[in-house]
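# Reading the structure
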Amino acid sequence: MTRKSEDSDRSTIRDVAARAGVSASTVSRVLGGDYPVSAATRERVMRAVREMDYIADARAKAIAGVGTPTLAFVLEDITGPSFALMAHGVEREATRLGHLCLVCSTEGDVEHELQFVEMMRAQRAAAVILVGGAADTAEYRERTRRMADSLASAGSRLVLCGRPPLGPGAPVTVIEYDNEGGAFALVAHVLAQGHRRVLFLGGKADHTTAQGRERGYLAAHRARGLDPDPALVVNGDFTRDSGHRLMRRALKDGLEFTAVVAATDMVAAGALTALHEAGLDVPRDVSLAGYDDIPFARDLHPALTTVHVPYEELGRLAVRTVLGRTPESPDEHLLLGTHVVVRSSVAPTGT
């Protein structure tokens, strides 16, 4: 008779070993896949695993083929509205296709990200989706390429969603949106209302998403033959508090501007509060625009003109693309469009 664990009715690794007629260490080796085991021994162990519905942990379950296939979604900040929308898209599509979705929030810790990716590799996750911009450095490319190669060697796939691509030959799937083009269209709309001094509340200077939006801001000016004042481009991060702080500083420093373009809707929300605190009306005194079109943008007062990014669709497409590929499929690099959503926070100058 096989022995059960004292605190549950679940089978233990010793139960499986007894059923298969091998040692517990042999069962561990078969499930871990780290040591050579004869085909006959592997078959006996796997038959016992299936018959006893043995689950040692998620890793063993995935390798045994008796559990739900897994996708991993890795992001910097799970509280960010745009990240939450993308995570929702990933989770819904993964569920529809019969996959379990695991979410990891790294809070910007590179080592945490690496450890989680390695854990997903050990668990034979179908794919690991990395979300959000990053510093596009040689170190980033080397580190991410190592992750991609490591996952590929285990039959998994790295997906870069809104992150810099790694160049030809990297075993990755890249899903992007027109980040710079969205900023260009937004600033062009603001300039078309007659504004010429447009304050840009940007993100971190080395962040690829922030860089793309700043490039769009500059390009829209140059397309009209304008040379924007460098003093009107200020950097912070993508949070509400950053927008509030940068806006207060700009007002205190006496910067002259008639419109503000914020790098995210969250930054715009903070800027809006600072403008209201200063007794300024939006858009009568200052026009204001954001970026992302997160749900609450339409509920601000006034409703926020912004750039719509299809975050949920990005998440769904990432899952569909990576699960639909075959070993013979070419490396995917997909680009989704963005568009300006005109609301009431931007008005012509002099109104």
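Here the structure is shown first, and the text comes after it.
Before going into details, it helps to say that this report is about the structure given with it. (Residues numbered from 1 in each chain as written. Predicted model: local features only at pLDDT ≥ 70, side-chain atom pairs only at ≥ 80, totals over all residues. Heavy atoms only, no water.)

## Thoughts on the sheet that holds strand β6 (residues 198–202)
Applied cut-off: Strands were regarded as paired on the criterion that DSSP finds at least two bridges between them. Where helices and strands are cited, they refer to DSSP runs of H or I of at least four residues and of E of at least two residues respectively, numbered from the N terminus. Angles here are taken between N-to-C directions and fall from 0 to 180 degrees, while the axes themselves are lines fitted to C-alpha atoms, restricted in helices to the stretch in contact. Contact criterion: two residues are considered in contact whenever any of their non-hydrogen atoms come within 4.5 Å of each other.
Strand order in this open sheet of four strands is β7-β6-β8-β9, and the pairing throughout is parallel. Here the strands that pair on one side only, and so sit at the sheet edges, are β7 (233–235) and β9 (287–289). Each strand of the sheet is rotated relative to its neighbour by a mean of 15°, with strand direction disregarded. Pairing of β6 with β7, which is carried by three bridges, proceeds in the parallel orientation. Across the sheet, the residue bridging to phenylalanine 200 is valine 233, located in β7. The strands touched by helix α10 (residues 240–252) are β6, β7 and β8 (259–262); relative to β6, the strand with the most contacts, the crossing angle is about 145°. Its contacts with the sheet place helix α11 (residues 265–277) against β6, β8 and β9, and it is angled at close to 155° to β9.

## Observations regarding the sheet that holds strand β5 (residues 172–177)
Taken in spatial order, the six strands line up as β2-β1-β3-β4-β5-β11 in an open sheet, and their pairing is parallel. In this open sheet, the two edge strands, each paired with only one partner strand, are β2 (100–105) and β11 (333–336). Averaged over all neighbouring strand pairs, the angle between strand axes comes to 15°, with direction disregarded. Bridge analysis of strand β1 (residues 70–75) against β2 gives six bridges, and the strand direction is parallel. Within β2, the residue paired with leucine 75 across the bridge is serine 105.

## Observations regarding helix α7 (residues 138–153)
In an α-helix, one turn spans 3.6 residues, which is why side chains three or four residues apart end up on the same side. For the record, the criterion: Helix span is expected to be 1.5 Å times the residue number reduced by one. Three exposure classes are used, based on accessible area relative to the maximum for each residue type with a 1.4 Å probe and protein chains only: buried under 20%, partly exposed in between, and exposed over 50%. Think of it as the arc spanned by the lines of direction from the helix axis to the C-beta atoms.
The end-to-end C-alpha distance of α7, which contains 16 residues, comes to 22 Å, matching closely the 22 Å that a straight helix rising 1.5 Å per residue would cover. Those residues of α7 that fall on the buried side of the exposure criterion are Tyr140, Arg143, Thr144, Met147, Ala148 and Leu151. Axial view of α7: buried residues confined to an arc of 135°, hence all on one face. Residues of α7 that are exposed and angled more than 90 degrees away from the buried face: Ala138, Glu139 and Ser153. Packed against the buried residues of α7 are α6 (110–122), β3 (127–131), β4 (158–161) and β5.

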